[in-house]
Each structure stands twice: as C-alpha cells, then as structure tokens.
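Here is what each chain is made of, one letter per residue.
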Amino acid sequence: GAGVSQSPRYKVAKRGQDVALRCDPISGHVSLFWYQQALGQGPEFLTYFQNEAQLDKSGLPSDRFFAERPEGSVSTLKIQRTQQEDSAVYLCASSLGRRQTESYGYTFGSGTRLTVV
Amino acid sequence: EDQVTQSPEALRLQEGESSSLNCSYTVSGLRGLFWYRQDPGKGPEFLFTLYSAGEEKEKERLKATLTKKESFLHITAPKPEDSATYLCAVRTQGGSEKLVFGKGTKLTVNP
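Residues numbered from 1 in each chain as written. Chains lettered and ligands numbered in written order. Predicted model: local features only at pLDDT ≥ 70, side-chain atom pairs only at ≥ 80, totals over all residues. Heavy atoms only, no water.

Asks: So, the pattern of salt bridges: which residues are in play, and what are the values?
Replies: Residues and elements named next belong to chain B. One pass over the full model with this rule turns up nine salt bridges over all chains. Residue Glu55 is joined to Lys57 by a salt bridge in which the shortest nitrogen-to-oxygen separation is 3.9 Å. Owing to a relative accessible area of 19%, Glu55 belongs among the buried residues under this scheme. Residue Lys57 is classed as partly exposed on the basis of its relative accessible area, which comes to 30%. We note a salt bridge from Arg91 to Glu97, for which the minimum N-O separation is 3.0 Å. With a relative accessible area of 2%, Glu97 lands in the buried category. A single salt-bridge network, built from bridges that share partners, covers Arg31, Arg91 and Glu97. (Salt bridge = Lys/Arg side-chain N within 4 Å of Asp/Glu carboxyl O. Buried < 20%, exposed > 50% of the residue type's maximum accessible area, 1.4 Å probe, protein only.)

Asks: If you had to explain the interface of chain A and chain B to someone new, which residues and values would you point to?
Replies: The interface is formed by 23 residues belonging to chain A together with 21 residues belonging to chain B. A buried area of about 1700 Å², summed over both sides, lies between chain A and chain B, and 50% of it is on carbon and sulfur atoms. At the surface where chain A touches chain B, the tally comes to zero salt bridges. Counting across the chain A and chain B interface gives five residue pairs in polar contact (both at pLDDT 80 or more). Residue assignment for the side of chain A that touches chain B shows that the elements contributing at least two residues are β4 (31-37), β5 (44-50) and α1 (98-104) of chain A. No other element matches α1(A), which puts five residues into the side of chain A that touches chain B. The residue inventory of the side of chain A that touches chain B, partitioned by class, reads nine nonpolar, ten polar and four charged. (Contact = heavy atoms within 4.5 Å. Buried area = accessible area lost by both parts, 1.4 Å probe. Polar contact = N/O pair within 3.5 Å; in protein donor to acceptor, adjacent residues only side chain to side chain. Helix = DSSP H or I, 4+ residues; strand = E, 2+ residues; numbered from the N terminus. Nonpolar A, V, L, I, M, F, W, Y, C, P; charged D, E, K, R; others polar.)

Asks: Which residues make up the sheet that holds strand β1 (residues 3-7) of chain B, and what values go with them?
Replies: Residue and element names in this part refer to chain B. Read across the sheet, five strands follow the order β1-β3-β8-β7-β6 without closing on themselves; strand pairing throughout is antiparallel. Bordering the open sheet on either side are β1 and β6 (56-59), each of which pairs with just one other strand. In this sheet, adjacent strand axes meet at a mean angle of 15° when their direction is disregarded. As judged from the four bridges shared by β6 and strand β7 (residues 62-66), these two strands associate in the antiparallel manner. (Pairing = 2+ DSSP bridges. Axes fitted to C-alpha atoms, helices over the stretch in contact; angles between N-to-C directions.)

Asks: Lay out the packing of aromatic side chains with the relevant residues and their values.
Replies: On inspection of all chains with the given rule, the structure shows twelve aromatic pairs over all chains. Seen from their ring centres, A:Tyr35 and A:Tyr106 are 6.1 Å apart, and the 45° between their planes marks the pair as tilted. Of this pair, A:Tyr35 sits in strand β4 while A:Tyr106 is found in the loop between α1 and β10 (107-108), placing the two residues 71 residues apart along the sequence. On the accessibility criterion, A:Tyr106 (2% relative accessible area) is buried. Centroid distance B:Phe34 to B:Phe46: 6.4 Å. Interplanar angle 65°. Geometry classified as edge-to-face. Of this pair, B:Phe34 sits in strand β4 (residues 30-38) while B:Phe46 sits in strand β5 (residues 45-50); the two residues are twelve residues apart in sequence, bridging distant segments of the chain. Connected via pairs of aromatic rings, a cluster forms that spans A:Phe33, A:Tyr35, A:Phe45, A:Tyr48, A:Tyr106, A:Phe108, B:Phe34, B:Tyr36, B:Phe46 and B:Phe101. Over the face of the ring belonging to A:Tyr10 we find A:Arg9, whose NZ or CZ atom lies 5.5 Å from the ring centre. (Phe/Tyr/Trp six-rings, centres within 6.5 Å; stacked < 30°, edge-to-face > 60°. Lys NZ or Arg CZ within 6 Å of the ring centre and 35° of its normal.)

And the structure:
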C-alpha cells in the first residue's frame, strides 16, 4: 500500500486481557519501529526491527510487551495481561533503511488507540 | 540521559503573525535532529532533518535552524492549515536507530 497501515484503529480491552496490534509497513521497507504515545506526550520508543531481526527492544516497558516480525514485513505488538497504564496510542513507523531515515525520517502509521478499562 | 525539551507547550497565533518554536536538547552525541508535524488522530509527518550547527532547511512557510544546544522552527505568515502539534526528536550516537521525542508544541492559527 501507499502508507503504513495499522489495525485495529481502536481497541478497548478489559484489564488483564491480552491484545495484539498489527502493523503493515510500506512494501520493501527494511526498518520498522514501534512507539507508544500517551495523551499529550511525544512518542516514546519501544522497539526496532531491521528485516526480521529485532535489533533494539530497550524501550519495552515490561515483559508483558512482546513484538515480532517473523518474515520481515508485517509486525505484531502483543501486550499480555493489559493494565490501565498501557492505555495509549501505539504508533508503527517504517523506512527503507538508515540512509532514508537520515534524509526523510520515518513514515508513521495513524496508530492504534488502546484503552484499558 | 538524552533529553529533549520543547517550548512553549502551546502557542496561539493570528493568521499572518510570524513566530518561532524552540527545541532544546541534551544528548551524548547528536546524529540528527528531526522535526515532525502531527495532526489530531494521525501519526507524525516528517518535515526536516538537521545535522550540524548552522544548518538551515526551509519548506513553504517553515524554516528550521540548528545550534549546538537547540533548534528553532520559524513559522512565517502562518495560515490556519498550519495548526498542528510540532514534534522535535533527536537521534544519538550509540548505534540505535531510535528517536527521542520532545512533548511537542501545539500550534493554533486563528483566521
């Protein structure tokens, strides 16, 4: 597709429920990033993939958060046993690689708004 | 710890009233400073990357500048469609491709 696609756009989960958020990056994009954006805040880094390899997961807040990109394209962010503090917009971004990022930044999706009740 | 601070948090302008947004940063080694625009309900949209002190980039009514400690986003004769949240982010040395974002400046331009 022309842009980064994320689904679902909105998700309401009961506390303790597991959720899975999907990201379809732009075709051919090597780098894929997940960010978490709380209301009124800037995005915070969660994790980064280059193809299928997860190169940096230093931003994942706890072991309840898990991300994968098994074939180097679609990525899934999974949150187990959701808590109220997990409520946020989860943004996915992709780029062709480091050189494109340097010149053109990432392309972000519109995000998934997760509300834990 | 790498930090990015943006000011003001919110700015209200009249159409045609020029102003500047500030982004100050404390990082271990800068590998790029990025400006993004974010509209409500959307992901951030890339505007500029700056790499070295003294560098400037322009796009329509926007001009970004960089010093060793801060960056400015100058908005000349803004229009209502320039209303958005403007985010500043840095990429630092250490090999990671991650960006560290500030909290943003919410700009409102009234007709």
